[in-house]
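Results of the structural survey
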Amino acid sequence: MHVERAVSRRGFVGGLASGLGVLGFVPGNALWARTVNSDPARAPLQQLDYDALAKLANNENPWGPPPSAMERMSWAFKYANRYGYPDGDIAREIAKHHGVETDHILLGAGSGEILKVVGVTYLAGGKKVVGVEPSYEAVYRHASGIDAEAIKLPLLEDYRQDIPAMIRATVQSHREVGFVYLCSPNNPTGLVVTKREVQQLLDGIPEDVPVLIDEAYHHYVQDAGYATSLPYVLEGRKVIIARTFSKIYGMAGMRLGYAVAPPAMIEEMRPHSTGTINALVKWGAAAALHDTQAEERARRETIQLRTKATADLRALGFSVIPSETNFFMVHIRRPVQPVIAEFRSRGVLVGRPFPPMLEHLRVSIGTPAEMDRFMVAFRQIFVSASAGG
Ligand code: PLP
């Protein structure tokens, strides 16, 4: 099924390698592979053979961009030396995709840039961000980077986000709150905030408080209780939706994300964005947006692999948080940090610790071969060890 894809990718990488060859650069693998540290659990990533690792740590799409996007990006290399060039009309393509005008769209080098721009724009003057913990940490990191504070609320017992507590915190600190951060589905738990809960939040907080809704994993959700919050933007609510091409579209390394928000908010944020999106991804993303078959295939295969992995873990007696994303969390009932190192020494990269959930391991969905390697390592670490002991 992925043969066609692999061929396209070789064409693309071939083009990249020959381009870099002109500059006298030795392409990646040889360098990664050069030194392998004697203790692979501790070796810096640069010293390991990156390509040979099972990469289940960063919630990426293991298959990469669809062939249609690969082809378009290879073609767009001809603009690599330009500043002004036709850009595939990517902002208009995104706007059309969501049924809005381009004045509702702000592009970023990944949605990570959008999250940062929201922070810089709305936390100025010592304002605070309200959100839960654990959630996508970069938002809080950016806040502390600009000397703003975060009001981080604990998750509920079932790991869902505590909407009434978010409302209370926002109302109590109204004048100090720069924005509310809602990640749905949430990273690292994989759980959604339902459309009813989003409504409850927006009804419960003052209308002038901006709400950043991070829908990075939107495309994987099957839960009928979930819906995108885009309609609130159209209503003119102070809502910013963050989306990315890094997940279902498989372009994390290419860096493109965007915000959809009311035009006045886009204008407030625009001066804080760099506007430096590379030429290739603009064309590739436009192609990917139209490739609904590729999107469906990535979703279907991811969900099949997630269902299998979580069933296997449950069969071994471990509980898994039911995820709506391309990753899941398993309760390993012991401190996660040394376990991460054990996986790494077996060539499997898994998620970092997510305080305070320090007995949970986050695992991203990889290729079938990577998932097999994960399960083999999991059995070695948990089952064989306890059987032997
Ligand atoms: N938001 C969430 C919830 C994420 O998990 C990530 C990345 O893992 C991002 C945003 C940033 O992604 P990117 O900058 O690649 O668009």
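These figures come from a predicted structure and were not determined experimentally.

Let us look at the overall build of the protein chain. The helix and strand tally for the protein chain stands at 14 helices and 12 strands. The proportion of buried residues among the 389 residues of the protein chain is 44%.

Attention now moves to the site of the ligand. Taken together, 13 residues are adjacent to the ligand, and G110, S111, G112, T244 and S246 come closest. Split by residue class, the shell around the ligand holds 4 nonpolar, 8 polar and 1 charged.

With that settled, the discussion passes to the sheet that holds strand β9 (residues 320-321). In spatial order, the strands read β9-β10-β12; together these 3 strands make up an open sheet with antiparallel pairing. Two strands lie at the open edges of the sheet, namely β9 and β12 (360-364), each paired on one side alone. One ladder, built from 5 bridges, connects strand β10 (residues 327-331) with β12; its direction is antiparallel. Bridge pairing in β12 places M329 opposite R362.

Okay, the environment of V376 next. Residue placement: V376 occurs in helix α14 (residues 368-388). A residue is classified by how many C-beta atoms lie within 10 Å of it, and V376, with 13 of them, is partly exposed. Along the primary structure V376 and R346 are separated by 30 residues, whereas in three dimensions their C-alpha atoms are 9.5 Å apart.

Next up on the list: the pairing of strand β2 (residues 105-108). Residues I105 and L107 of β2 are buried on one face, and the alternating residues L106 and G108, pointing to the opposite face, are buried as well. One ladder, built from 4 bridges, connects β2 with strand β8 (residues 257-260); its direction is antiparallel. Residue L106 lies in a different strand from β8, and its bridge partner there is A259.

Time to look at the sheet that holds strand β7 (residues 239-244). One open sheet holds the 7 strands; their spatial order is β2-β8-β7-β6-β5-β3-β4, and the pairing between them is mixed. One side of each edge strand has no neighbouring strand; the edge strands of this open sheet are β2 and β4 (149-154). Averaged over neighbouring strand pairs, the angle between their axes works out to 25° when direction is ignored. In this structure, strand β5 (residues 177-183) lies alongside strand β6 (residues 211-214), joined through 4 bridges in parallel fashion. Bridge pairing in β6 places Y181 opposite L212.

By secondary structure assignment, the location of D103 is in the loop between α4 (90-98) and β2. In this structure, the C-alpha to C-alpha distance between D103 and A261, residues 158 residues apart in sequence, is 8.6 Å. What D103 contacts, discounting residues up to four positions off in sequence, is P263 and I266.

Only a minority of non-glycine residues have a phi that is not negative, and only a minority of peptide bonds are not trans. For the bond running from S184 to P185, omega is -5°, close enough to zero to count as cis. Within the fold, P185 resides in the loop between β5 and α8 (195-204). The residue after N187, namely P188, is reached through a cis peptide bond having omega 25°. Mapped onto the secondary structure, P188 falls in the loop between β5 and α8.

Take helix α6 (residues 138-145) next. Residues of α6 that are buried include every one of V139, Y140, H142 and A143, and no others. Buried residues of α6, seen end-on, are gathered within an arc of 160° and therefore sit on one face of the element. Projecting away from the buried face of α6 at angles above 90 degrees are the exposed residues S144 and G145. Where α6 is buried, its residues meet α5 (111-122), β3 (128-133), β4 and β5. A positive phi of about 60° marks D147, the residue just after α6.

Formed by 103 residues in total, the largest nonpolar core has its most connected members in V129, F179, V180 and A259. For this core, the element with the highest residue contribution is helix α11 (residues 279-290), accounting for 8 residues. Each of domain 1 (3-65 + 293-388) and domain 2 (71-290) gives at least three residues to this core. Discounting chain neighbours no more than four positions away, the residues touching F179 are V118, Y122, V129, V209, P210, V211 and L212.

Helix packing geometry: the angle between the two helix axes and the distance between the axes. For the pair α4 and α11, the least separation of the axes is 9 Å and the interaxial angle reads 25°. When the axis of α4 is compared with that of α11, the two are roughly parallel. As for the relative orientation of α4 and α11, their crossing is left-handed in sense. Contact residues: I90, E93 and H97 in α4; K282, A285, A286 and L289 in α11. Counted by class, the contact of α4 with α11 contains 4 nonpolar, 1 polar and 2 charged residues.

Definitions and limits used
- Residues numbered from 1 in each chain as written.
- Predicted model: local features only at pLDDT ≥ 70, side-chain atom pairs only at ≥ 80, totals over all residues.
- Helix = DSSP H or I, 4+ residues; strand = E, 2+ residues; numbered from the N terminus.
- Buried ≥ 20, exposed ≤ 12 C-beta atoms within 10 Å, placed from the backbone.
- Near = placed C-beta within 6 Å.
- Nonpolar A, V, L, I, M, F, W, Y, C, P; charged D, E, K, R; others polar.
- Pairing = 2+ DSSP bridges.
- Axes fitted to C-alpha atoms, helices over the stretch in contact; angles between N-to-C directions.
- Contact = placed C-beta atoms within 7 Å.
- Arc of directions from axis to C-beta.
- Core = buried A, V, L, I, M, F, W, Y, C linked by C-beta atoms within 7 Å.
- Domains from an automatic or database assignment.
- Parallel < 35°, antiparallel > 145°, perpendicular 65-115°, else oblique.
- Left-handed = near helix turned anticlockwise from the far one by under 90°.

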